[in-house]
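Coordinate analysis (summary)
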Amino acid sequence: MTVPVTTGAEASEMLCPYCLEVVSFDEGQLFERDERQQYEKLDLSGQTSALRRADRLRSAYQRCRNTDGTPPHFIPVPYLSHGSPLTVAMVGDSATGKTHLLTQMIAEIADGGLEQYGVTWQSVNPQDHQDFMVERVDALRSGQMLEHTPSQTFASFVEALLLTGADGVTRPVAFFDLSGEDLRRTTALLRFLLGVDALIFVVDPLRALPMRQLDPMRGEFGYSRGGDPAFQTVLDRLQRTGPYLEIAASVVINKCDLLRFEPPVDRWLAEPPADRVSARRFRDESRDAYAFLRHHGGPAWVRPFDNVLRCTMHFASATGSHDLHGSFLHGVRPRRVLEPLVSVLSMCGLLGDHGDDGPANVGM
Ligand SMILES: Nc1nc2c(ncn2[C@@H]2O[C@H](COP(=O)(O)OP(=O)(O)OP(=O)(O)O)[C@@H](O)[C@H]2O)c(=O)[nH]1
Ligand SMILES: [Mg+2]
Ligand SMILES: [Zn+2]
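What comes next is a walk through the structure. (Residues numbered from 1 in each chain as written. Chains lettered and ligands numbered in written order. Predicted model: local features only at pLDDT ≥ 70, side-chain atom pairs only at ≥ 80, totals over all residues. Heavy atoms only, no water.)

Re the environment of glutamate 108
- Along the chain, glutamate 108 turns up in helix α3 (residues 98-110).
- Separated by 230 residues in sequence, glutamate 108 and leucine 338 have C-alpha atoms that sit 7.1 Å apart.
- Apart from the residues lying within four places of it in its own chain, the contact partners of glutamate 108 are Gly113, Pro334, Val337 and Leu338. (Helix = DSSP H or I, 4+ residues; strand = E, 2+ residues; numbered from the N terminus. Contact = heavy atoms within 4.5 Å.)

Printed below as a string of structure tokens:
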């Protein structure tokens, strides 16, 4: 998130995505990571070749100067040097499927899934991106279920990409994926939410919907009409200036493979991918998803949509099937995973304007 500053009409300063203090590029605070993942000071003062300097900076980190009540934290330099950043956070209780969904979103972007909207990508940090691809994307694609996200003492993003729109403007986009138990806390850990630009709420049908065919799979959490407790803590934590929250948001009814014979889920799952962003199509899907969730789950489950000014709703499946003892025997088949992200990127202005039915009107 950026904050406007008073000096110069176009100038803006950046907020540290972790502690929300103002940061700017500072050559005196550069670090690099060694093979043991330890941060070591990086001194580029003797570097005379501009190309080699740029190459070192590509994978360097900057230590944030703010140590007030926060542990030392490091921001990838390309995050600080590529325009106005955007932060996206996944929201939902434990085991709603946040990590699988985010992993499939990144996988589809890496496969060029945003190119049809004129968006190309690069990593923010090459090593971190490669680790994400190997440990999560490749593991999931080989049929392995991903682990529950461990609890953290300090919220940091799990992956960040540089996205360049059709207009040639590049913005870093960072993704936060905390565990459900962390998202239910009301401690300083969630302070990062105050700087977040977009939220993706993940609804788990196993909690939200009473259908009998879901009973054998519900596990330890069970069905509740009370809504997702993590949605509520997050909605409560954000700052409100009026009746609605002014943040970009999408709500995903996830694990739709479990609902694939239910209308209108069947129809939306079978929809071919769109070749352009259509605000009208997002509105149609939101209307169907809202009616479906409100009718079967009850009013508490649609709270994010009711509270956020600009919000869309979606049907998706991150894996295409339910895991059996921690693996997906027939591999994974993601369905409609990118749409909820395309929606919030549209709302944040990353996909341009393109008139009445274009990205600028998504969620309006
Ligand atoms: N049927 C089905 N199961 C899914 C899908 N996505 C995830 N799951 C299952 O849901 C469970 C939890 O997935 P995670 O992605 O780890 O959930 P999470 O929300 O990140 O959980 P925490 O990290 O504990 O907060 C796992 O058993 C997954 O196999 C899906 O699209 N369909
Ligand atoms: Mg997780
Ligand atoms: Zn900081």
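From this point, the narrative continues.
A few points about helix α11 (residues 339-347)
- Burial analysis of α11 places 9 of its 9 residues in the buried class, the great majority of the element.
- Here α11 has its buried residues at Glu339, Pro340, Leu341, Val342, Ser343, Val344, Leu345, Ser346 and Met347.
- The first or second residue beyond α11 is glycine 349, which carries a positive phi of 85°. (Buried < 20%, exposed > 50% of the residue type's maximum accessible area, 1.4 Å probe, protein only.)

Structural notes on the site of ligand 1
- By nearness alone, 23 residues border ligand 1, and Lys98, His100, Gly180, Asp257 and Ala318 come closest of all.
- Lysine 98 has a polar side-chain atom sitting 2.7 Å from an oxygen atom of ligand 1.
- Note that an oxygen atom of ligand 1 is positioned 2.8 Å from one of the backbone N or O atoms of threonine 149.
- Look at ligand 1: alone it shows 650 Å² of surface, and the protein chains cover 95% of it.
- Top contributing element to the shell around ligand 1 by residue count: α3, with 3 residues.
- Looking at side-chain class alone, the shell around ligand 1 contains 5 nonpolar, 13 polar and 5 charged residues. (Near = heavy atom within 4 Å. Polar contact = N/O pair within 3.5 Å; in protein donor to acceptor, adjacent residues only side chain to side chain. Areas by Shrake-Rupley, 256 points an atom, 1.4 Å probe, with all protein chains shown as cover. Nonpolar A, V, L, I, M, F, W, Y, C, P; charged D, E, K, R; others polar.)

Comments concerning the coordination of the magnesium ion (ligand 2)
- Within the first shell, the magnesium ion (ligand 2) binds the protein through Thr99 (OG1) and Thr149 (OG1), at distances of 2.0 Å. Here threonine 99 is found in helix α3, whereas its partner threonine 149 is found in the loop between α4 (126-141) and β10 (159-164), with 50 residues between them in sequence. Each member of the pair threonine 99 and threonine 149 is classed as buried. (Donors = N, O, S within 2.8 Å, 3.2 Å for Na, K, Ca; no water.)

Some thoughts on the coordination of the zinc ion (ligand 3)
- Protein coordination of the zinc ion (ligand 3) is provided by Cys16 (SG), Cys19 (SG), Cys64 (SG) and His73 (NE2), with donor distances spanning 2.1 to 2.4 Å.
- Classification of the site at the zinc ion (ligand 3) rests on its 4 donor atoms, whose angles at the metal span 99 to 117°, yielding the label tetrahedral.
- One chain supplies every donor for the zinc ion (ligand 3), spaced along it as C-x2-C-x44-C-x8-H. The two residues cysteine 64 and histidine 73 agree in class, both being buried. (Tetrahedral: all angles 85-135°; square planar, octahedral: opposite > 155°, others 65-115°.)

What about the packing of aromatic side chains?
- The full count for this structure, using the stated rule, is 13 aromatic pairs.
- Ring centres of tyrosine 39 and tyrosine 61 lie 5.2 Å apart, and the angle between their planes is 90°; on these two criteria the pair is classed as edge-to-face. Of this pair, tyrosine 39 sits in strand β5 (residues 39-41) while tyrosine 61 sits in strand β6 (residues 61-63); the two residues are 22 residues apart in sequence, bridging distant segments of the chain.
- According to the relative accessible area criterion, tyrosine 39 is partly exposed, its value standing at 31%.
- Aromatic side chains phenylalanine 201 and phenylalanine 231 sit 5.1 Å apart centroid to centroid with 80° between the ring planes, which places their arrangement in the edge-to-face category. With phenylalanine 201 in strand β12 (residues 198-203) and phenylalanine 231 in helix α7 (residues 229-237), this residue pair connects regions lying 30 residues apart in the sequence.
- Overall, the relative accessible area of 0% leaves phenylalanine 201 in the buried class.
- Residue classification places phenylalanine 231 among the buried residues on the basis of a relative accessible area of 2%.
- These aromatic residues form a ring-pair network of at least three members: Tyr18, Tyr79, Phe154, Phe157, Phe176 and Phe192.
- The lysine or arginine in question, arginine 207, covers the ring of phenylalanine 221, its NZ or CZ lying 4.0 Å from the ring centre. (Phe/Tyr/Trp six-rings, centres within 6.5 Å; stacked < 30°, edge-to-face > 60°. Lys NZ or Arg CZ within 6 Å of the ring centre and 35° of its normal.)

A short note on the packing of α3 against α4
- Viewed as axis vectors pointing N to C, α3 and α4 meet at an angle of 100°, and their least axial separation amounts to 10 Å. Taken together, the axes of α3 and α4 lie roughly perpendicular to each other. Across the interface between the two elements, Thr99, His100, Thr103, Gln104, Ile106, Ala107 and Ala110 from α3 touch Phe132, Met133, Arg136, Val137, Leu140 and Arg141 from α4.
- For the contact of α3 with α4, a count of residues per class yields 7 nonpolar, 4 polar and 2 charged. (Axes fitted to C-alpha atoms, helices over the stretch in contact; angles between N-to-C directions. Parallel < 35°, antiparallel > 145°, perpendicular 65-115°, else oblique.)

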